[in-house]
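So you can see what is in the structure, the chains are spelled out below.
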Number of protein chains: 2
Amino acid sequence: MSYSMHTHTCGELRESNIGEEVTLTGWVWHRRDHGGLIFVDLRDRAGVTQLEFDPEVCDEATFHEAETIRSEWPIMVSGTVRERPEGQNNDKLATGAIEVYVTKIVVLNTSKTPPFQIEDHVDTAEDVRLRYRYLDLRRPKMTSNLKLRSDFTFALREAFHGSDFMEVETPSLFKSTPEGARDFLVPSRMQPGHFYALPQSPQLLKELLMVGGVERYYQVAKCFRDEDLRKDRQPEFTQVDVEMSFVTQDDVMGALEHVLAEAFGKMGVKLELPLRRIEYWDAMDTYGTDKPDTRYGMELHDVTPIFSASKFKLFATAAATEGQFVKAINAKGAGKWPRARIDRLADVAAEFGAKGLAYIAFREDGSVTSPIVKFFSDEEMAALRAEMDVEPGDLVMFAVESRLHADEILGGMRNHMANELELPREGHDFLWVVNFPLFHWDEDRKCLDSEHQPFTQPNEDQIDLLDTDPLAIGSHTYDFVMDGYEAGGGGMRIHNAKLQEKVLEKLGFTPERAQAQFGFLMNALEFGAPPMGGFALGLDRVCMLLAGADNIREVMAFPKTASGSDLMSAAPSEVTGAQLKEVSLRLL
Amino acid sequence: MSYSMHTHTCGELRESNIGEEVTLTGWVWHRRDHGGLIFVDLRDRAGVTQLEFDPEVCDEATFHEAETIRSEWPIMVSGTVRERPEGQNNDKLATGAIEVYVTKIVVLNTSKTPPFQIEDHVDTAEDVRLRYRYLDLRRPKMTSNLKLRSDFTFALREAFHGSDFMEVETPSLFKSTPEGARDFLVPSRMQPGHFYALPQSPQLLKELLMVGGVERYYQVAKCFRDEDLRKDRQPEFTQVDVEMSFVTQDDVMGALEHVLAEAFGKMGVKLELPLRRIEYWDAMDTYGTDKPDTRYGMELHDVTPIFSASKFKLFATAAATEGQFVKAINAKGAGKWPRARIDRLADVAAEFGAKGLAYIAFREDGSVTSPIVKFFSDEEMAALRAEMDVEPGDLVMFAVESRLHADEILGGMRNHMANELELPREGHDFLWVVNFPLFHWDEDRKCLDSEHQPFTQPNEDQIDLLDTDPLAIGSHTYDFVMDGYEAGGGGMRIHNAKLQEKVLEKLGFTPERAQAQFGFLMNALEFGAPPMGGFALGLDRVCMLLAGADNIREVMAFPKTASGSDLMSAAPSEVTGAQLKEVSLRLL
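Residues numbered from 1 in each chain as written. Chains lettered and ligands numbered in written order. Predicted model: local features only at pLDDT ≥ 70, side-chain atom pairs only at ≥ 80, totals over all residues. Heavy atoms only, no water.

**Remarks on the overall build of chain A**
For clarity, the threshold we go by: Each helix is a run of DSSP H or I of at least 4 residues and each strand a run of E of at least 2, with the numbering of both proceeding from the N terminus. Residue-level accessible areas treat just the shown protein chains as cover; the underlying method is Shrake-Rupley with a 1.4 Å probe.
Per the secondary structure count, chain A includes 16 helices and 23 strands. Its C-alpha atoms give chain A principal-axis dimensions of about 90 × 75 × 50 Å. By element, 49% of the accessible surface of chain A is carried by carbon and sulfur atoms, the whole surface being about 23,600 Å².

**Concerning the environment of Ala 571 of chain A**
Just so we agree on the cut-off: Burial here depends on accessible area, computed with a 1.4 Å probe over protein chains only, as a share of the maximum for the residue type. Under 20% is buried, over 50% is exposed, and the range in between is partly exposed. Contacts: residue pairs with any heavy atoms within 4.5 Å of one another.
Looking at where Ala 571 of chain A falls in the secondary structure, it is placed in the loop between helix 15 (539-547) and helix 16 (577-582). For Ala 571 of chain A, a relative accessible area of 1% gives the class buried. With 11 residues separating them along the chain, Ala 571 of chain A and Lys 560 of chain A place their C-alpha atoms 9.2 Å apart. In this view, Ala 571 of chain A contacts Gly 564, Ser 565 and Asp 566 of chain A together with Phe 174, Lys 175 and Tyr 196 of chain B; residues no more than four positions away in its chain are not counted.

**Some points on the relation of the copies chain B and chain A**
What counts, and what does not: All copies are superposed by least squares; the fitting set is the C-alpha atoms of residues with a pLDDT of at least 70 in both.
You can overlay chain B on chain A at an RMSD of 0.1 Å; the transform is a turn of 180° with a shift of 0.0 Å along its axis. The superposition operator between the copies reduces to a two-fold rotation axis. Here 100% of the contact residues of chain B are again contact residues in chain A; the copies associate through an equivalent surface.

**Details of the sheet that holds strand 4 (residues 74-83) of chain A**
All names here are of chain A. Definition in use: Should DSSP find at least two bridges between two strands, the strands are regarded as paired. For helices, the axis comes from a line fit to the C-alpha atoms of the stretch in contact; other axes are also lines fit to C-alpha atoms, and the angle between any two N-to-C directions lies between 0 and 180 degrees.
Spatially, the 5 strands close up into a barrel ordered 1-2-3-5-4, and their pairing is mixed. For this sheet, the mean inter-axis angle between neighbouring strands, taken without regard to orientation, is 55°. In this structure, strand 1 (residues 21-34) lies alongside strand 4, joined through 7 bridges in antiparallel fashion. Bridging from a neighbouring strand, Gly 26 pairs with Ile 75 of strand 4. On the sheet, helix 1 (residues 60-68) packs against strand 1, strand 2 (37-44), strand 3 (47-53) and strand 5 (98-107) and is oriented at approximately 90° with respect to strand 5.

**Describing the sheet that holds strand 3 (residues 47-53) of chain B**
Residues and elements named next belong to chain B. Taken together, the 5 strands give a closed barrel; going around it, the order is 1-2-3-5-4, and neighbouring strands pair in mixed fashion. Recorded for the sheet is a direction-independent mean angle of 55° between the axes of neighbouring strands. Bridging between strand 4 (residues 74-83) and strand 5 (residues 98-107) involves 9 bridges; their strand directions are antiparallel. Across the sheet, Glu 83 pairs through a bridge with Ile 98, a residue of strand 5.

**Describing the UniProt feature "site: Important for tRNA non-discrimination" (unreviewed entry) in chain A**
Residue and element names in this part refer to chain A. Counted only if it meets this: UniProt positions are given in the numbering used here, feature names are shortened, and annotations may be inferred rather than shown by experiment.
In this numbering, the UniProt entry assigns the feature "site: Important for tRNA non-discrimination" (unreviewed entry) to His 34 and Gly 87. As for its placement among the helices and strands, His 34 is situated in strand 1. The exposure class of His 34 is exposed, given its relative accessible area of 57%. By the element assignment, Gly 87 lies in the loop between strand 4 and strand 5.

**A closer look at the packing of aromatic side chains**
All names here are of chain A. Using the following cut-off: Stacked, tilted and edge-to-face pairs are distinguished by plane angle, under 30 degrees for stacked and over 60 for edge-to-face with tilted covering the rest, among Phe, Tyr and Trp rings (Trp via its six-membered ring) whose centres lie within 6.5 Å.
Going through the model one piece at a time under the given rule, you end up with 57 aromatic pairs over all chains. Consider the rings of Tyr 280 and Phe 436, whose centres lie 5.0 Å apart with planes at 45°: the pair is tilted. Highlighted residues: Tyr 280 in helix 7 (residues 280-287) and Phe 436 in the loop between strand 17 (430-434) and strand 18 (439-442), separated in sequence by 156 residues. Neither Tyr 280 nor Phe 436 differs from the other in exposure class; each is buried. Ring geometry for Phe 307 versus Phe 398: centroids 6.2 Å apart, planes at 80°, classification edge-to-face. In this pair, Phe 307 sits in the loop between strand 12 (301-302) and helix 8 (313-320) while Phe 398 sits in strand 16 (residues 394-402), placing the two residues 91 residues apart along the sequence. The pair Phe 307 / Phe 398 is uniform in exposure class, with both members buried.

**Describing the domain arrangement of chain A**
To be explicit about the condition: Source of the domain bounds: an automatic or database domain assignment.
Per the domain assignment, the segments making up chain A are domain 1 (15-107), domain 2 (296-424) and domain 3 (436-475 + 496-529). The gap between the C-alpha centroids of domain 1 of chain A and domain 2 of chain A is 62 Å.

**Brief notes about the interface of chain B and chain A**
For clarity, the cut-off: Accessible-area loss on putting two parts together, using a 1.4 Å probe and summing over both, is the definition of buried area adopted here. Here a salt bridge means any side-chain nitrogen of Lys or Arg lying within 4 Å of a carboxyl oxygen belonging to Asp or Glu. Residues adjacent in sequence count toward polar contacts only when both atoms are side-chain atoms; beyond that, a polar contact is any pair of N or O atoms within 3.5 Å, and within protein one must be able to donate a hydrogen and the other to accept it. Polar here means any residue other than Ala, Val, Leu, Ile, Met, Phe, Trp, Tyr, Cys and Pro, which are nonpolar, and Asp, Glu, Lys and Arg, which are charged; Gly is therefore polar.
Each partner contributes to the interface: chain B provides 130 residues, whereas chain A provides 130 residues. Ranking the residues of chain B by area buried against chain A places Arg 45, Phe 246 and Phe 527 of chain B at the top, with a combined share of 8%. Here chain B is connected to chain A by 12 salt bridges. The tally of links between chain B and chain A comes to 74 residue pairs in polar contact (both at pLDDT 80 or more). For the side of chain B that touches chain A, the element with the highest residue contribution is helix 4 (residues 140-162) of chain B, accounting for 11 residues. Residue composition of the side of chain B that touches chain A, by class: 62 nonpolar, 36 polar and 32 charged. Bridge count between strand 23 (residues 585-587) of chain A and strand 23 (residues 585-587) of chain B: 3 bridges; the pairing is antiparallel. Within the sheet, the bridge partner assigned to Leu 587 of chain A lies in strand 23 of chain B and is Leu 585 of chain B.

**Description of the packing of helix 13 (residues 497-506) of chain B against helix 14 (residues 511-525) of chain B**
Residue and element names in this part refer to chain B. As a reminder of what qualifies: Every angle not falling under 35 degrees, over 145, or within 65 to 115 is termed oblique; those three ranges are roughly parallel, roughly antiparallel and roughly perpendicular. It is the rotation of the near helix from the far one that decides the hand of a crossing: anticlockwise by less than a right angle makes it left-handed, clockwise makes it right-handed.
In the contact formed by helix 13 and helix 14, the axes pass within 9 Å of each other and the chain directions differ by 160°. Considering their axes alone, helix 13 and helix 14 lie roughly antiparallel with respect to each other. Considering how the two elements wind past one another, helix 13 and helix 14 form a crossing that is right-handed. Residues Ala 497, Gln 500, Glu 501 and Leu 504 of helix 13 pack against Ala 514, Phe 518, Leu 521, Met 522 and Leu 525 of helix 14. Its residues assigned to classes, the contact of helix 13 with helix 14 comprises 7 nonpolar, 1 polar and 1 charged.

**Some points on helix 1 (residues 60-68) of chain B**
All names here are of chain B. Using the following cut-off: Working definition: the arc comes from the directions between the helix axis and the C-beta atoms, pointing outward to the latter.
Those residues of helix 1 that sit buried are Thr 62, Phe 63 and Ala 66. Along the long axis of helix 1, the arc covered by the buried residues comes to 95°, so they all point the same way. Turned more than 90 degrees away from the buried face of helix 1, the exposed residues are Glu 60 and Ala 61. At its buried positions, helix 1 is contacted by strand 1 (21-34), strand 2 (37-44), strand 3 and strand 5.

**Side note on unusual backbone geometry**
A cis amide bond links Leu 273 of chain A to the next residue, Pro 274 of chain A, at an omega of -10°. The omega angle of the peptide bond from Ala 571 of chain A to Pro 572 of chain A is -5°, so this bond is cis rather than trans. Positionally, Pro 572 of chain A belongs in the loop between helix 15 and helix 16. Of note in this structure, Tyr 3 of chain B is not a glycine but carries a positive phi near 50°.

**A short note on the pairing of strand 3 of chain A**
Residue and element names in this part refer to chain A. Along strand 3, 7 of the 7 residues are buried, which leaves the element largely enclosed by surrounding structure. Note: strand 2 against strand 3, 7 bridges, orientation antiparallel. Looking at the pairing, Asp 44 lines up with Gly 47 of strand 3. The antiparallel hairpin formed by strand 2 and strand 3 contains 2 residues in its connecting segment.

**As for the pairing of strand 14 (residues 358-362) of chain B**
A regular strand places its side chains on the two faces of the sheet in alternate fashion. All names here are of chain B. Most of strand 14 sits inside the fold, with 5 of its 5 residues counted as buried. Covered by surrounding structure in strand 14 are Ala 358, Ile 360 and Phe 362 together with Tyr 359 and Ala 361, the residues of both alternating faces. Alignment of strand 14 against strand 15 (residues 368-369), held across 2 bridges, turns out to be antiparallel. Looking at strand 15, one finds that Phe 362 is bridged to Val 368.

**Overview of the state of the cysteines**
Put simply, the rule reads: Disulfides are defined as pairs of cysteine sulfur atoms found within 2.5 Å of each other.
Summed over the entire model, instances satisfying the criterion amount to 0 disulfides over all chains. This cysteine, Cys 58 of chain A, is not joined by any disulfide, and Cys 10 of chain A carries the nearest cysteine sulfur, 18 Å off.

**Quick word on the environment of Lys 560 of chain B**
Within the secondary structure, Lys 560 of chain B is located in the loop between helix 15 (539-547) and helix 16 (577-582). Classification of Lys 560 of chain B as buried rests on a relative accessible area of 2%. Along the chain, Lys 560 of chain B and Arg 233 of chain B lie 327 residues apart, while their C-alpha atoms are 9.7 Å from each other. Contact partners of Lys 560 of chain B, with chain neighbours within four places excluded, come to Pro 171, Leu 173 and Tyr 196 of chain A together with Gln 234, Pro 235, Glu 236, Arg 553, Ser 565 and Asp 566 of chain B. A polar contact is formed between the side chain of Lys 560 of chain B and the side chain of Glu 236 of chain B, at a distance of 3.2 Å.

**Considering the pattern of salt bridges**
Residue and element names in this part refer to chain A. In this structure the tally under the stated criterion is 90 salt bridges over all chains. For Arg 82, the salt bridge identified is with Glu 52, shortest N-O distance 3.4 Å. Taken together, the positions of Arg 82 in strand 4 and Glu 52 in strand 3 put the pair 30 residues apart, joining distant regions of the chain. Residue Asp 290 is joined to Lys 291 by a salt bridge in which the shortest nitrogen-to-oxygen separation is 3.8 Å. For Asp 290, a relative accessible area of 19% corresponds to the buried category. Connected through salt bridges with shared partners, the residues Arg 129, Arg 133, Asp 136, Arg 139 and Glu 554 form a single ionic network.

Written as structure tokens, this is what we have:
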């Protein structure tokens, strides 16, 4: 049973159907009148089929009806599938070998002329697309993006369910915890002056589920952050949320790899298991980022030793200073750029925190363009050429900084240069980055901050460093990196109330504040919390990468603009005074 | 690969495992020291296994460790599976034929003494259960309820996916539409004085998806209503939301039956297809409700004709009045009740809108107790006995009212009496109630109100009654009734902008207000909206019925109290002045 007005979709008729009587439904995409005949491309979510109205085949009324139809009218037609005339096959179309000779048409509705053409490659301003999203979604690419997302989500669910994970729904109206990102607040009517918050993630709730014995939990969870929006941020986003108990870190990573390989596999993307694991500091030192795209090289090199006796003071001083480094990358091909273009790279480097950008451009004619090379000895140049594998046309760029800053600057430049040079990035790239530091130093607030989150389990053999050298402590953490994006992240959780208290204290929480915000978690940990760990996959971002899109809005049905607006419904909007009064609020 | 600290769950060891070395993890449920041995029931989400610590088998350190463990400590043990000694099998336990002879124990955490016992049948106050929900969830019944919900939800997803439905996520931050139930508001920080609303349902969004060509949509959608809470209401609830386009009503109902039968089937509940369909007015007239439980009789009878010439004025007047009815039900067995108990039924009937309750109790000794029977002739009594199939011990109750009110009063009494008499209700009962009126009269607001919702498609052949007799118009609607509960509801939608405008006008919307609230929908309908219809299943309620629970809180991980509180985290809570200022609000 098809449970539809049609017998077939517009995407499925083939030569094998020739001679069949069929009924199709869909929208009039293109209509061409030619030689007394009317041709219509009929489009539904599955594809396109060519219809032909021939006054010698259909009756007069049908032909007249066909003359009235316009773009984007939904219609239902019946007719006979037949071979297209010699030479009129359309190889680009799955149904391109056939057409339907229509004998009956029912116009299901009319349509105003759409404000833009329903085509994949029409350059429509995004605000117009969003205002008329219901038309934008008819574009075949958007339809296929939504289908890809639906299919991938279901593949994940199948894999989790098959591995004995339970889907548990956690509440969306929860407690406000003003740490971290900003909460969206929801005023309570029944408890005036009190507010729920929409969850930034179900983190605390899933830990409580583990305390509650669920053992294997997953949820495709809507999360909310009231942050200023960037290209790949939305106020609400979706994460595939996971938690396991009675497990080690390897158990969790193993289970996740198994599930991810199964789900990606169903999308035709093969994961080689076990996935590579790169230690956090190795990723930073080699790629300058904790989410490296390893489909191309341009790795970071520590060239400090080469310049330990350099006449170039900047390099020599760094080499002589504990914790300072001279690091370099080689952007092959950029050495051919005009000097002005190379000089402009200093502005790019500044965005990543560099105070300037030392470089050497190795010209194809054997010459060298560089503001600093004059200070270098022949031996230094030779050593540098060897270390950086220099060829004509190369551009070597330097960062002179502390380890983390040098890494971050060159990591940013590596990414920028890869885009500028349009380095080929074939297929998909998956890896784990593991063992993040437990803390980093927050320079603004002058205190320790969690690298992942306050509930992360420190490495057991380093816990005694909490009071002496907290920045040296590593943690049971693992980020899932796909194509140079942080596609997911996870870690083992603290399951000991005292240790949780201690970590919160190091993060600057007074005992009172820790109790007020996370008291319910610490209470729960005292009732036999098991070892546990989990993960969250950024579904929007992964779908974006799978779809080959460059923005998560392309894989969301109804995204919001950078100012958080839904242009279609004009949300957010003003509300009535009565609505505000009911929740005991007034506008400032 | 098990990806866990254990080799087996606590629910799976059988006689066939005897002799195997195993590792188990779980919580200490019960511990008994007996004859120098320590017995522990180890519990995880899958079941319970008996452990035995014997100082002659395990080493001293292990035995001493075992002596320290207390209830609800999570532990990991290794040992050998062996047959239980003669006569010590526990048939009530799936693992009751074996025990594990422990040789190694690892205490994973300690636990404070829980505030209540982790047992299914301990009578703990619900507020304590909710405050320590993470302990309450460890009770085997709660674990199995969560698992049932997870399994059923997945079964639904499989069925929808298998029938070519696409899962599409719709936004949770949407536009406030102050009609219907009260919205939860979410203030916007970026647009001061503007608010999102959490969706009461994705109704408008799914219609827009149909305009956008999705054709078959489903979503397990969190919905929000800021209403005063009753037993089976929560501020956030979950509906399985469905919409289809290019369909007739029979297509939608057929597809739903197919999906529901598949999903319920996986839970061991068979749906006989096609499901019975009862017209709205037939359901009202026969069962006094639009969500009848047909597992028992006690049907409503129209006895008006019997009393057309009665000396009992109340009945005779009704019989002589257009639109007034005398209706009756027979509660078999209640005729044995003492008069005082029967008289108290008038209070119950008053809850359903009755001004009093006329009755006749047919005593087992052949006598009759009734305040009204003295007015009846022998013929009237004989006709009544025949019509109502009266036997000794029966209680016949009357309602004298307009059709709808008489139905509602007796429907309420029918339900009440079934509970009082503990009528057996075996298995599950499924049916459709179809063809609801398009409107009903809202006596408070003195205007028409939608019986289902403002977007419901009227019966095509009655549209011309919109101006002349709107209350007579039926609609393309279908409620899915399970065990006397409205488990789901749906309908075909208006896909014509002009008709939508007209219906909103009949509902009292000025053109301005219609445009302000639903303008984006009506705009969308003008761009070739296809015929469409859909459905929403109340997931919480259906899971409650499947679990045999009497409250939806029993199938939710973290429900809220009647005042909307999460007792565990103390949400909602006060927020800081800074948080309020950011969203340009102050407290009244």
